[in-house]
Amino acid sequence: MGHRALVAYERPDRLYDLRHSHWGGAELELVDRLGERTPLAGGAVDPEVVADSVSRERILTDFLDPRRYEALYLVEVDGGVDPYRVAWLGWDGDDDRPADRGAIVGVAPGENDREFRIWFRATKTVLGDLIESGRLGRREARPYLEKRVRSEYDAVRYAYCEK
C-alpha cells in the first residue's frame, strides 16, 4: 500500500506544481531530504508532475484525497518545507456524501507527529465503536470529529471532490 504523500512545490508565481511520493508519508522523513540540491529527495519523490499551476486552495479540494494520502509537503520557493498530516474525517461506508472530508494538521517530524497520529487514531476508533454499537450516528460523529481535530490541533478542514 505504501505511505503516500503529495509534494507541492511553490513556484515564483505563487502557484504549485504537484508530485507524488509513494513512501514519503511514513514518518515525514522528506522534510530533511527535500532541498534546493535534492528537489526529489534522492528519488523518494516521483519526477512525473501530477499537476502544474495549481492554487494552494485547489491542492486540497482537487488533489489531496484524504483516503489516499497520509501527508502533504509544501515546498516553498526559498526551499523551506512545511509538513502536514492528512486526516480523513469519515468512515468506511460513508457513500452518501458527494465529497470526502479531510483535514490537514501542521506537525513536526518525530514526537509531535507521533502524538497526533496516536490521538487521531484513538479518537476515530472510539467514535467508530460508538457508531457500530448504534449509540452514535455518523451524522453526529463526523462534526464532532471535525470539531475536536480543529480545536485540539488547529486543523484546516476541507472537502475533497474527485474529478
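Residues numbered from 1 in each chain as written. Predicted model: local features only at pLDDT ≥ 70, side-chain atom pairs only at ≥ 80, totals over all residues. Heavy atoms only, no water.

> Describe the nonpolar core, naming the residues involved and giving the relevant values.
Core analysis: the biggest nonpolar cluster contains 29 residues, and Val7, Leu34, Tyr73, Phe116, Phe120 and Val149 have the highest contact counts within it. If you list the elements that add at least two residues to this core, you get strand S1 (5-10), helix H1 (30-33), strand S4 (71-75), strand S5 (81-88), strand S6 (100-106), helix H3 (111-132) and helix H4 (138-153). With five residues, the single largest contributor to this core is H3. Once residues lying within four places of it in the same chain are set aside, the contact partners of Val149 are Leu89, Ala103, Val105, Phe116, Trp119, Phe120, Asp154 and Ala155. Counting residues in hydrophobic clusters, the runner-up holds 17 residues, among them Ala8, Ala51, Ile59 and Ile104. (Core = buried A, V, L, I, M, F, W, Y, C linked by side-chain atoms within 4.5 Å. Buried < 20%, exposed > 50% of the residue type's maximum accessible area, 1.4 Å probe, protein only. Helix = DSSP H or I, 4+ residues; strand = E, 2+ residues; numbered from the N terminus. Contact = heavy atoms within 4.5 Å.)

> So what about the pattern of salt bridges? Which residues, and what values?
Should the charged atoms of two oppositely charged side chains come close, the side chains can pair. Tallying each qualifying case throughout the model produces eleven salt bridges. A salt bridge links Asp100 to Arg67; its shortest N-O distance comes to 3.2 Å. Of the two residues, Asp100 is situated in strand S6 and Arg67 in the loop between helix H2 (56-63) and S4; the sequence distance between them amounts to 33 residues. A relative accessible area of 17% places Asp100 in the buried class. On the basis of relative accessible area, Arg67 is assigned to the partly exposed category, the value being 39%. For Asp113, the salt bridge goes to Arg85, with nearest N and O atoms at 2.7 Å. (Salt bridge = Lys/Arg side-chain N within 4 Å of Asp/Glu carboxyl O.)

> Talk me through the layout of surface pockets; I want residue IDs and the actual numbers.
A volume near 530 Å³ is recorded for the largest pocket. Around the largest pocket, the lining is made up of 22 residues, and of these Glu70, Val86, Trp88, Phe120 and Arg121 lie nearest the centre. Looking at which element gives the most residues to the lining of the largest pocket, the answer is H3, with seven residues. Taken as a whole, the second largest pocket spans an internal volume of roughly 180 Å³. Every residue along the wall of the second largest pocket is listed here: Tyr9, Glu10, Arg19, Leu34, Gly35, Glu36, Pro39, Val75, Glu76, Val77, Asp78 and Gly79. (1 Å grid on protein atoms, 1.4 Å probe; cavity = no way out; pocket = protein on both sides within 12 Å on 5 of 7 lines; lining within 4 Å. Points joined across faces, edges and corners; volume = space filled by probe spheres on them.)

> An account of H2 is needed here, citing residue identities and associated values.
Those residues of H2 that fall on the buried side of the exposure criterion are Ile59, Leu60 and Asp62. Where H2 is buried, its residues touch S1, strand S2 (16-21), strand S3 (51-54), S4, S6 and strand S7 (156-160).

> So what's going on with the packing of H3 against H4? Residues and values would help.
In the contact formed by H3 and H4, the axes pass within 10 Å of each other and the chain directions differ by 160°. Classified by the interaxial angle, the pair formed by H3 and H4 is roughly antiparallel. Read as a crossing pair, H3 and H4 show a hand that is right-handed. From H3, Glu115, Phe116, Trp119, Phe120, Thr123, Lys124, Leu127 and Ile131 reach across to H4, where they touch Arg138, Ala141, Tyr144, Leu145, Arg148, Val149, Glu152 and Tyr153. Taken together, the residues that form the contact of H3 with H4 break down as ten nonpolar, one polar and five charged. (Axes fitted to C-alpha atoms, helices over the stretch in contact; angles between N-to-C directions. Parallel < 35°, antiparallel > 145°, perpendicular 65-115°, else oblique. Left-handed = near helix turned anticlockwise from the far one by under 90°. Nonpolar A, V, L, I, M, F, W, Y, C, P; charged D, E, K, R; others polar.)

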